[in-house]
Each structure stands twice: as structure tokens, then as C-alpha cells.
Amino acid sequence: MIVRKALKFIWIIGLLACYLIPSAQVPAHVDVNKLSDQQVQQIVQEIESRGLTMEQATEMARLRGASPAQISQLKSRIRQVQNSGGASMELTPQQQDTASMVDTLSKKTPIDATSKSKKIFGFNFFNSADLTFEPSVNIPIPDNYVLGINDQVMINIWGASQQTYQLVVDGNGNVQIPDLGPVQVAGIDFREAEKRIRRRLVAIYNGMGGDTPNTFAEIGISNLRSIKVNVIGEVYAPGTYTLPATASAFNALYLSGGPNENGSFRTIQVIRQNKVITEIDVYDFLINANPANNIALRDQDILFIPTYDIRVEASGSFKREGFFELQEDENLQDLLSYTGGFADQAYHERLSITRTTGKQFKVLDITRDEFETFALENGDQIEAGEIIDRYENRVSIEGAVFRPGTFALTDGMKLSELIAKADGVKESVFSNRGVIIRLGKDLSPQTIAFKISDILEGTNDLELKREDHVIIQDVFSMREARFIKIYGQVQYPGEYPYRENMSLKDLVFLAGGFTEAASESFIELARRHDYESAAKVSNELADLHQFNISRNLDINPEDAAFKIQPFDYIYVRKAPSYNTQRTVTIQGEVVYPGPYSISNKNERVSDLIKRCGGLTPHAFSKGATLKRLRSDDEVIKESLLTAMPDSLLQSAEQQMDDHYKLELRLDDILKNPGSIYDYVLREGDELLVPEVTQEIKVSGEVLNPIGLAFQENKGLKYYINRSGGFSQQAKKGKVFVIYSDGTTKVTKGLLNRNYPRPEPGCQIVVPQKPDRPQGDQTSRWLSIASAFSSIAIAVAAVLR
């Protein structure tokens, strides 16, 4: 399919030469885009009638002056005509022969290689997915191509005379040129055959001779023949392969998979007419990129792959690892060239070789001066080690220098020289001491102290040794990190780095100044004892100081002279009477519902009812509720999660929100303001006074949970019966009632149950019986019986 598409493209090129412009040259002004679809179809038909192949049309178009632009334009036009159902572009018989020949060529045989085979140097050359030596028929004919029987020779005459010949090499090795007779071409290369044909053509085309010819000839091969090659020996897929006549030895080796695990890559023989005409060394191509031995094959050639003689294994720190084949005259140095040489971290001075003696293994140590003379034997295993993690001339320096790092140690190098290489010490250097970490003879670390000032002044300089590590500290690393903290009523409280000569006003400034709640007259500073005071036993924890600072950061001269020291804590207190507004909300059946600010700390629920205009006529005071914001929700939640069993954790978390309910006896509050039921209001309180309701809700383990109308003088059992009665899973002795104000009452008594009295707006809840334990209950009943027997014995003893 690919070949056919390629042939179609080349017909475009031929049209310029064969139809569009029949003269000797194609004019440069011809605009292909102006050709009609019919003209394009006629051009294609003309190319097809002449039986031109890809190579022929390309060469003719080029020789007659067709420009690349014209060729490109014509390709586009033919594609347009083809897509619109125009030109069919059927292949000529010669082109069909070429496509058919491609289909008959041998394909690469899949192989199943072992892991060892894949490590053989050269295996991937013939079996890589990214590298192919598959033979191609779409290549120019090389000058050394040897013609044979069934090759098709094309002769194109143009100029004063015009003629095209399609000739086939017959069984005698001749091509029959009309009016000239046979010309012997089989067995000679293409360039020589071309010369013979030209000499014969002059006999009938006089214009081809002389110094100023007016007739010209183009000679080429229009259709290559196929050849059969036999690949035998130690190869993955031995057999007979069909190849184009231009195929080389590597093409055949690629299709057969190349030498197998026992095959040789160094002595592959090409046998022609019972003679070895060449011996191929694949390594010469792989290492030196020398294609000289990759000769062109002929029909019935034989490729024979013998077994290898010497194969060794290279492992360790080589650029290439694997199995390598050597010839008799090659040595260890040659092996190094095949491996690509040593890897970056390889030890070059010695190679370790493991050799078989026929009975056991032995190890050989080969030094570097023996590489060029040491002969390897079949089966040798060569291993290259890595260099040790050790430096012969390294010293390092870190700390208060401008360029810390690693430096080269020179003979007699002093510490002052290393500091100079590091661009000197920083201004913040701690000059009283530095240390050198040095390795002893047994590599145990030792410390050598020195004084930086002495080294810089040139006195008591120290000579460095290999692997010395110099540490120079700065003054900041030699003391605790200095900071100060400010708390309370400033914009940005927190920790700040200490700076020399910092005043209290400076710190307040850095903290963004005071908040509106700040007290200017009560600013406290706590200073911890310095190391001199801390040396004395005392009960004092800190020294306290108080200051007055205005919001403009004005301070009296005495306090202004006070300097902050490292680790000082400053507290800016809140003004005693400063409070933000506290808001409560009342909703429902009151005259003016909504949010209200608490006027004083003693304001109560009764006061709020008065401020909102009192209750409306439809208010249901018994159903009023009060929700209060939790003061420390996180502490309560943590204690619950710690104390409660795992089975109750989920329900506890679900029930806990930002608010909790309080019992609200609104009737008692209105009758007796200031009583214990009249709560003092707090920030976030939410008071709800519902509308009068005459409903009672029955839920839980009844047959028909439903809402019912409240009726005076009717007990709880009446509403249970109206809901269908208890279900089988009802826990009758634990029925409870939730009243509108949030309070709950539970059934009391065992035999004579005393049910709570329903009220308007309440909810009657019938709980479910707990699940009974599953499985064998024998042990449970035995435990109960044992307990009762123990009680009986105790009672009997008391009676006696």
C-alpha cells in the first residue's frame, strides 16, 4: 500500500515532463494551479500510458527543468482531483509487478531469545525495535549493482528524437534493443552496462554522438528482480530468504535474527559458488562504523554463521556490560575498547578475572601495565571495581566565612591560606575560638582548637592535613536566639526578633499600635533574670515594670530611656470598662422580635420581654425556649470524647452544636421577675416564644406514629391508643414526654406505671427495647442462677 501511494505521488512529477510540456524543458512560468481537473486527469493518464515508475518520472521531471514548486503544486492538484472522484490513478502493469514483488519478500522472523542472549554484544543490532535492516526496493540503483536475468531496463530517449524502451534481461543475459539486436548486460555492474547500451544506441541515434549532441538518453532499472539467499549455521531462524537484488548481508542477518547464543559475530562467511568470498566481522561495523564487509548479495548466496571460539563476560564499572567475542590475536586492551572503556567511577589500576581450569575456578589479578599483553580465554569473567570513597587532598571549611565549602589541599598549606581561599571571615565571626576536626591514624576524629584572631594576625598558624574540617562560628550561633514577645491589646501581638537599642515605643510601633480596647495606663513588662542574677538563690521569677504610653506613642523621659532586653515579655492590658456590644435575639410571638443589645451585665429575660413590648395574645408561654451559646465548646467536646464509650461517641458529636437548651419557665418569670428562673442574659442567647398550639405528636414504637389534637383530661395512654397502641418492640416502662420548653418527664413505677401528663405542643416518645444477645444463653442463665443461690444462702444464714 505504501509503495502504491508513493508511485501515485511520483506520477505528478512525470506529468510536467511527459504531457504538460512536450518540449525539451519545462518553462518556469507554468502555473499548475490554473490547470483544470480534466487536464490533470489527462496528465495522469499520459503518465500511466507511458508505464513510468517512480524513479523514471522523478528523473525526467528534474532533467527537463521542473521546479520543486511546480512539483509540489501538481501533487496538491492531483490529491484534490482524487478526493473529488476524478482521476483513478490505476497502477501500470510494471508498477503492479513492483508492488507484487514487495509482497513476496521475506519478513523478519520473530525470535524468543534468552536473557543471556540479550546480553551478548551485537544482539540488539539485529533485534532492536528502533533499528531495522529490512531491505528496501525504493532506493536509487547503485553503480555497483550487478544486472541479472529478469531485470527490467528502461531507456528514455529525448531531444531531436524521442523514444522509450522497456527491456527485460533474457535467459541469455541480453537485452534486445529494436533495430540493434542483443546487448550482453547480465553479470556486469550497472555502470558498465549503461556504457555498453549507450555505445550501441549511437548507431541508430546519430544525434547522441559528437561534441554537440542534440539527442540524449536516460538509462535505468525500472523493476528489480528478487533473489533467494540461504542463512545457515548458528542463527536464530535459519532458512531461505527472498530479498530484493539490492540487498546486503546485514539485510539477510536482520531477517534471520542474527547469530544465536552460540553463534559468532566475528567470522560470518559469505559463500558464493562454493567459495568463501568474504568474512564479515560485525564488531568492525559496531565499533568503527565500517560497512566495507557488508557486501551486496546475489542469488543463491549462502551466509554461514559458525560457533564462537572465545567469548568472555565483562561486568562492573564498564560503559558496556555483557558478553563479548574475541579473536585469537586480541587481548584485554581490545576487550576494553569493545566495552567502551571504564565507567566514570571505575578503578583503573587492576581488573579481577575469574577463569575456569576445567576442574574449578581461579582468580587472576591483572594490573594496568598488563592490559595490552594479557590474552583472555573462553569463559573468562572480567570484573571492574569502583574507586573508593576517599579523597587524597581534600579539606573543608564551614561557618562564618564568605565561601564555605571544599578546597584542594596543597603541600604545606596553612589554616590562614584556607581562610583566604574562602574569601575571609565574616564581620560577625566569633573570634575567640574555632576548631579543626581531624582524623587520626586510626581514622578516629580529633578536635584541634585555635583562636581566630591569632590566625588572622599571623601568629600560631596551623598546618592542615588531608580531610581536615574547619569550623568557624559567628556570634549569633554562639548564643540563644534573641526575641521579645508582646501580648494583649495591640494590632499584631506575638514574637519579634530582638534588636539593639529597641525601646518600648519601638516594639508597640512594630506591633501595629494599640487597639481601641487598650489601656494606656497599664502596660506591664516582665524581664527574666540574667545569668548573673540567676546564679543567686531566689524566689523571684521575673522583674516587673509598668509604663504609661499614649496612643501617639508619647512617654515620659524616664520611661523613654528604658531599653528592652532580649526575652522581655510585654503585656498591654484592656481598659477596665471597655466592652464590645453583646447581642441577644428574641423571635416568635412578641411585639417587636429581633436582635437586642444587652444594656448591662445584670439584664435578665424579664427585662428583654419588657423591651420587646411583651407577648402577643397568641403567644404560647409554656413552649418558650432559650438556647445559649457554649462558652468553651472545644473543652466540653474533648472531655466527652475522652470519657464516653466508643459506642456513644457518634451520637455525642451529633448532639453537640454551638448552642445548648435551657429550661425556660416563662410564666414563672413573668409572675416573679428576678427569680432563679429569670436568667441573666449572655452574648448569643436565642429566645423563641412559639404560637399557641393544640397538637401532640406521638413517635417511636407505636403502630401508627401521628400528630393528634390535645384534649383536656386525657392521659398519655389515650394518645398511645389513638396511635394504634404499642408495637412488639416498645419499651412500655420507659415512655417519656418532651415538653415545648425542652424539659422531659419519664414514666415511673414497675407494676403500676405512672405516665407523664401530656400538654399542648408536647411529644410522646415510645423507645425501643434493646436488642437481645444472640447465640447460646446458657452461661448467662447459669450466672443468674448462681447469683440467686448466693443470695438465698446469705438470707438463710441471716435467719439462723
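## Regarding the overall build of the protein
Line of reasoning, step 1. Regarding its fold elements, the protein presents 22 helices and 35 strands.
Line of reasoning, step 2. The 800 residues of the protein split such that 38% are buried.
Line of reasoning, step 3. The contacts of the protein with a sequence gap of at least 6 include a subset with a gap of at least 24, amounting to 62%.
Line of reasoning, step 4. Put simply, the protein shows about 45800 Å² of open surface, and 49% of that area lies on carbon and sulfur atoms.

## Observations concerning the side chain of T242
Line of reasoning, step 1. Summarising the element assignment, T242 is placed in strand β7 (residues 239–244).
Line of reasoning, step 2. For T242, a relative accessible area of 12% gives the class buried.
Line of reasoning, step 3. Here the side chain of T242 touches K228 through a polar contact of 3.0 Å, side chain to side chain.
Line of reasoning, step 4. If we ignore the near neighbours within four places in the chain, the residues touching T242 are T104, L105, S106, S226, I227 and K228.

## Quick look at the sheet that holds strand β27 (residues 594–597)
Line of reasoning, step 1. Taken together, 5 strands build an open sheet; the order of strands is β27-β26-β30-β28-β29 and the sheet is mixed. The sheet terminates laterally at β27 and β29 (659–662), the two strands that pair on one side only. Taken over all neighbouring pairs, the strand axes of this sheet differ in orientation by 25° on average, direction set aside.
Line of reasoning, step 2. As paired elements, strand β26 (residues 583–588) and β27 share 4 bridges and run antiparallel to each other. When the bridges of β27 are listed, T585 appears paired with P595.

## Concerning unusual backbone geometry
Line of reasoning, step 1. Unlike most non-glycine residues, N150 shows phi in positive territory, near 80°.
Line of reasoning, step 2. Mapped onto the elements of the fold, N150 is located in the loop between α7 (123–127) and β1 (152–159).
Line of reasoning, step 3. The backbone of Q273 sits at a positive phi, close to 55°, despite the residue not being glycine.
Line of reasoning, step 4. Position of Q273 relative to the elements: it lies in the loop between β8 (268–272) and β9 (275–280).
Line of reasoning, step 5. The exposed category is assigned to Q273, whose relative accessible area is 72%.

## Side note on the nonpolar core
As a rule of thumb, nonpolar side chains are buried together in soluble globular proteins.
Line of reasoning, step 1. Ranked by size, the top nonpolar core spans 73 residues in total, and within it I155 and L201 carry the most contacts.
Line of reasoning, step 2. Residues contacting I155, with those up to four places away along its chain left out, are Q163, T164, Y165, L167, I177, I197, L201, E218 and I219.
Line of reasoning, step 3. Residues V490, V508, I523 and I564 belong to the second largest nonpolar core, which totals 21 residues.

## Re the packing of aromatic side chains
Line of reasoning, step 1. Summed over the entire model, instances satisfying the criterion amount to 17 aromatic pairs.
Line of reasoning, step 2. Taking the centre distance of 5.4 Å and the plane angle of 50° together, the rings of F125 and F285 count as tilted. Of the two residues, F125 sits in helix α7 while F285 sits in helix α10 (residues 282–288), which places them 160 residues apart along the sequence.
Line of reasoning, step 3. Between F483 and F567 the ring centres are 5.4 Å apart and the planes differ by 80°, which places this aromatic pair in the edge-to-face class. Of this pair, F483 sits in strand β21 (residues 483–488) while F567 sits in the loop between α16 (557–560) and β25 (569–574), and the two are 84 residues apart along the sequence. Summarising the burial analysis for this pair, F483 and F567 share the class buried.

## With respect to the sheet that holds strand β6 (residues 226–233)
Line of reasoning, step 1. Taking strand neighbours across the sheet as the criterion, the 5 strands line up as β7-β6-β10-β8-β9 in an open arrangement whose pairing is mixed. Pairing within the sheet leaves two strands with one partner each, and these edge strands are β7 and β9. Across the sheet, the mean angle separating the axes of adjacent strands is 25° when strand polarity is ignored.

## Here's the deal with the pairing of strand β31 (residues 695–700)
Line of reasoning, step 1. Note that β31 and strand β32 (residues 706–709) share 4 bridges and pair antiparallel. The residue of β32 that forms the bridge with V698 is I706.
Line of reasoning, step 2. Here β31 pairs with strand β35 (residues 763–766) via 4 bridges, running parallel. Paired with V698 across the strands is I764, a residue of β35.

## Quick look at the confidence of the model for the protein
Line of reasoning, step 1. Here the protein averages 83 in pLDDT, while 83% of its residues score no lower than 70.
Line of reasoning, step 2. A low-confidence stretch, residues 1–28 stays under pLDDT 50, and its non-local contacts, those more than four residues away or across chains, total 77 contacts.
Line of reasoning, step 3. Contacts for the low-pLDDT stretch residues 86–100, under 50 throughout, to residues beyond four places or in other chains number 32 contacts.

## So, the pairing of β6
Every regular strand shows the same layout, with side chains that alternate between the two sheet faces.
Line of reasoning, step 1. Judged from the 6 bridges that link them, β6 and β7 form a sheet pairing that is antiparallel. Looking at β7, one finds that N230 is bridged to T240.

## A short note on the side chain of N260
Line of reasoning, step 1. As for its position among the elements, N260 is in the loop between α9 (249–256) and β8.
Line of reasoning, step 2. Within the structure, N260 has its side chain in polar contact with the backbone nitrogen of N262 (distance 3.0 Å).
Line of reasoning, step 3. For N260, the contacting residues outside a window of four places in its chain are E234, V235, Y236 and R311.

## Side note on a nonpolar patch on the surface
Line of reasoning, step 1. A cluster of nonpolar residues, F788, I791, V795 and L799, forms a patch on the protein surface that exposes about 460 Å² of accessible area.
Line of reasoning, step 2. Within the secondary structure, L799 sits in helix α22 (residues 778–799).
Line of reasoning, step 3. Overall, L799 belongs to the exposed group, its relative accessible area being 72%.

## Observations concerning α9
Think of an α-helix as 3.6 residues a turn; residues three or four steps apart then line up on the same face.
Line of reasoning, step 1. In terms of residue burial, α9 counts as a mostly covered element, since 8 of its 8 residues are buried.
Line of reasoning, step 2. Burial in α9 covers these residues: A249, F250, N251, A252, L253, Y254, L255 and S256.
Line of reasoning, step 3. Backbone geometry just after α9 places G257 at a positive phi near 90°.

## Here's the deal with a negative patch on the surface
Line of reasoning, step 1. A contiguous patch of negative charge on the surface is contributed by D530, E532, E540 and D543.
Line of reasoning, step 2. For E532, the position within the fold is in helix α15 (residues 531–534).
Line of reasoning, step 3. For E532, a relative accessible area of 53% gives the class exposed.

## Points about the pattern of salt bridges
Line of reasoning, step 1. Counted according to the given criterion, the structure contains 24 salt bridges.
Line of reasoning, step 2. For R266, the salt bridge goes to D281, with nearest N and O atoms at 2.7 Å. You can see R266 sitting in the loop between α9 and β8 and its partner D281 sitting in the loop between β9 and α10, a full 15 residues away along the chain.
Line of reasoning, step 3. Under the relative-accessibility criterion, D281 is labelled buried at 17%.
Line of reasoning, step 4. A single salt-bridge network, built from bridges that share partners, covers R191, E194 and R198.

## Thoughts on the environment of E457
Line of reasoning, step 1. Positionally, E457 belongs in helix α13 (residues 452–457).
Line of reasoning, step 2. The exposed category is assigned to E457, whose relative accessible area is 60%.
Line of reasoning, step 3. Distance in space between the C-alpha atoms of E457 and S416 is 9.3 Å, their sequence separation being 41 residues.

## Let's talk about the environment of I720
Line of reasoning, step 1. By the secondary structure assignment, I720 is in helix α21 (residues 716–722).
Line of reasoning, step 2. For the pair formed by I720 and I706, sequence separation is 14 residues and the distance between their alpha carbons is 9.8 Å.
Line of reasoning, step 3. Not counting residues within four places of it along the chain, the set of residues in contact with I720 comprises V698, V702, G725, F726, I764 and V766.

About the thresholds
Residues numbered from 1 in each chain as written. Predicted model: local features only at pLDDT ≥ 70, side-chain atom pairs only at ≥ 80, totals over all residues. Heavy atoms only, no water. Helix = DSSP H or I, 4+ residues; strand = E, 2+ residues; numbered from the N terminus. Buried < 20%, exposed > 50% of the residue type's maximum accessible area, 1.4 Å probe, protein only. Contact = heavy atoms within 4.5 Å. Areas by Shrake-Rupley, 256 points an atom, 1.4 Å probe, with all protein chains shown as cover. Polar contact = N/O pair within 3.5 Å; in protein donor to acceptor, adjacent residues only side chain to side chain. Pairing = 2+ DSSP bridges. Axes fitted to C-alpha atoms, helices over the stretch in contact; angles between N-to-C directions. Core = buried A, V, L, I, M, F, W, Y, C linked by side-chain atoms within 4.5 Å. Phe/Tyr/Trp six-rings, centres within 6.5 Å; stacked < 30°, edge-to-face > 60°. pLDDT = per-residue confidence, 0-100. Patch = residues over 30% accessible without salt bridge, like charges linked within 9 Å, V, L, I, M, F, W, Y side chains within 5 Å. Salt bridge = Lys/Arg side-chain N within 4 Å of Asp/Glu carboxyl O. Lys, Arg positive; Asp, Glu negative; His and termini not counted. Charge placed at Lys NZ, Arg CZ, Asp CG, Glu CD.

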